[in-house]
Amino acid sequence: MGLNTKVTYLNTESEFISRLQNPSTKEAAFRELLQRYKERLYWHIRKIVIRHEDADDVLQNTFIKVHRSIDKFKGESQLFSWLYRIATNESITHLNKNAKRLQISNEEHQNRAINNLTADVYFEGDAIQLKLQQAIATLPQKQQLVFNMRYFEDIKYKDMAEILDTSEGALKASYHIAAKKIEAFLSSD
């Protein structure tokens, strides 16, 4: 990205944020925000919560929180990073609430969701993709997040560091460890 392109992008983003925070343009700008980020955030959330219905609920909660909080956004990070952080936190909260309600561990909750993927009409994966999802489910939550964001969404470590409030070095290490664990899981059969 050239300097002029980056400056234009930053101006465009800051103008967009101004429209989101201006009461007279907020609703139209928010509809635009939905169009820009709805699908990306849905798939980010879906990788965390697994089930389509849960992803829809979390996505809705994410956008409600964004709508209520957009006036507090200070622009210290990119809008994209801020949205992803909210979506990630909402997803984790959702998983924790469900596990607590069912009186099971988060890991058990995740395993149940993975085991139910074959019955999920919205899951279009084959046996290899199912096996990969099972391998990812064996990882600790932070490694799952890092692996999914890097492998599936191709998010840069710099952006992940903003979203997850972690150093780039720690994220690279988490990804490397996660990839090794997944490789071991997939080659165990």
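Keep in mind it's a predicted model, so treat the numbers as computed, not measured.

**Q** Honestly, helix 4 (residues 79–102) in this entry has me stumped. Any pointers?
**A** A turn of α-helix holds 3.6 residues, and therefore any two residues three or four places apart point the same way. Over its 24 residues, helix 4 runs 35 Å from end to end, which matches the ideal 34 Å to within 8%, given 1.5 Å per residue. Where helix 4 terminates, the next one or two residues include Q103, which has phi positive at roughly 55°.

**Q** Explanation requested: the pattern of salt bridges in the structure shown.
**A** Once the charged atoms of two side chains with opposite charge are near each other, the side chains can pair. Scanning all chains against the criterion turns up 7 salt bridges. The partner of R19 in a salt bridge is E32, with the nearest N and O atoms 2.6 Å apart. Taken as a pair, R19 in helix 1 (residues 3–21) and E32 in helix 2 (residues 26–49) lie far apart in primary sequence, 13 residues in all. You can call R19 partly exposed: its relative accessible area is 31%. Judged by relative accessible area, E32 falls into the partly exposed class, the value being 27%. Between R36 and E32 there is a salt bridge, and its shortest N-O distance comes to 2.7 Å.

**Q** I'm lost on the nonpolar core in this one. Help?
**A** Nonpolar side chains in soluble globular proteins generally cluster together in the buried interior. Counting 46 residues, the largest nonpolar core has L20, L33, Y37, L41, L79, W82 and L83 as its most contacted members. Aside from chain neighbours lying at most four places away, what touches L79 is E13, F16, I17, L20, L33, Y37, I70 and F73.

**Q** Looking at this structure, I do not really get helix 8 (residues 157–164). What am I missing?
**A** In terms of burial, helix 8 is largely enclosed, as 6 of its 8 residues are buried. On its buried side, helix 8 packs onto helix 4, helix 7 (141–152) and helix 9 (168–187).

**Q** Would you mind going over the confidence of the model for the protein with me for this structure?
**A** A low pLDDT score tells you not to read the predicted coordinates there in detail. Averaged over the protein, the pLDDT score is 87; the fraction of residues at 70 or greater is 88%. The secondary-structure element of the protein with the lowest mean pLDDT is helix 1, recorded at 69, while helix 3 (residues 52–69) shows the highest, at 96. In the predicted structure, residues 1–10 sits below a pLDDT of 50 and forms 2 contacts with residues beyond four places in sequence or in another chain.

**Q** Is there a simple way to explain unusual backbone geometry in this structure?
**A** Glycine aside, residues mostly have negative phi, and peptide bonds are mostly found in the trans state. Its identity as a non-glycine residue notwithstanding, D154 has a phi of 55°, on the positive side. Along the polypeptide, D154 turns up in the loop between helix 7 and helix 8. The phi dihedral of D165 falls on the positive side, at around 55°, and the residue is not glycine. Here D165 shows up in the loop between helix 8 and helix 9.

**Q** Mind showing me how you'd approach the packing of aromatic side chains here?
**A** Each aromatic ring pair is summarised here by two numbers: the centre-to-centre distance and the angle between the ring planes. Across all of its chains, the model carries 8 aromatic pairs by this definition. Consider the rings of F147 and Y151, whose centres lie 5.0 Å apart with planes at 15°: the pair is stacked. Of this pair, F147 and Y151 both sit in helix 7, separated by 4 residues, roughly a single helical turn. A residue is classified by how much of its surface remains accessible, and Y151, at 47% relative accessible area, is partly exposed. With centroids separated by 4.9 Å and ring planes inclined at 90°, the aromatic side chains of Y151 and F152 adopt a geometry described as edge-to-face. Judged by its relative accessible area of 32%, F152 is partly exposed. Following the ring pairs from residue to residue traces out a cluster consisting of F147, Y151, F152 and Y175.

Rules and cut-offs
Residues numbered from 1 in each chain as written. Predicted model: local features only at pLDDT ≥ 70, side-chain atom pairs only at ≥ 80, totals over all residues. Heavy atoms only, no water. Helix = DSSP H or I, 4+ residues; strand = E, 2+ residues; numbered from the N terminus. Expected span 1.5 Å × (residues − 1). Salt bridge = Lys/Arg side-chain N within 4 Å of Asp/Glu carboxyl O. Buried < 20%, exposed > 50% of the residue type's maximum accessible area, 1.4 Å probe, protein only. Core = buried A, V, L, I, M, F, W, Y, C linked by side-chain atoms within 4.5 Å. Contact = heavy atoms within 4.5 Å. pLDDT = per-residue confidence, 0-100. Phe/Tyr/Trp six-rings, centres within 6.5 Å; stacked < 30°, edge-to-face > 60°.

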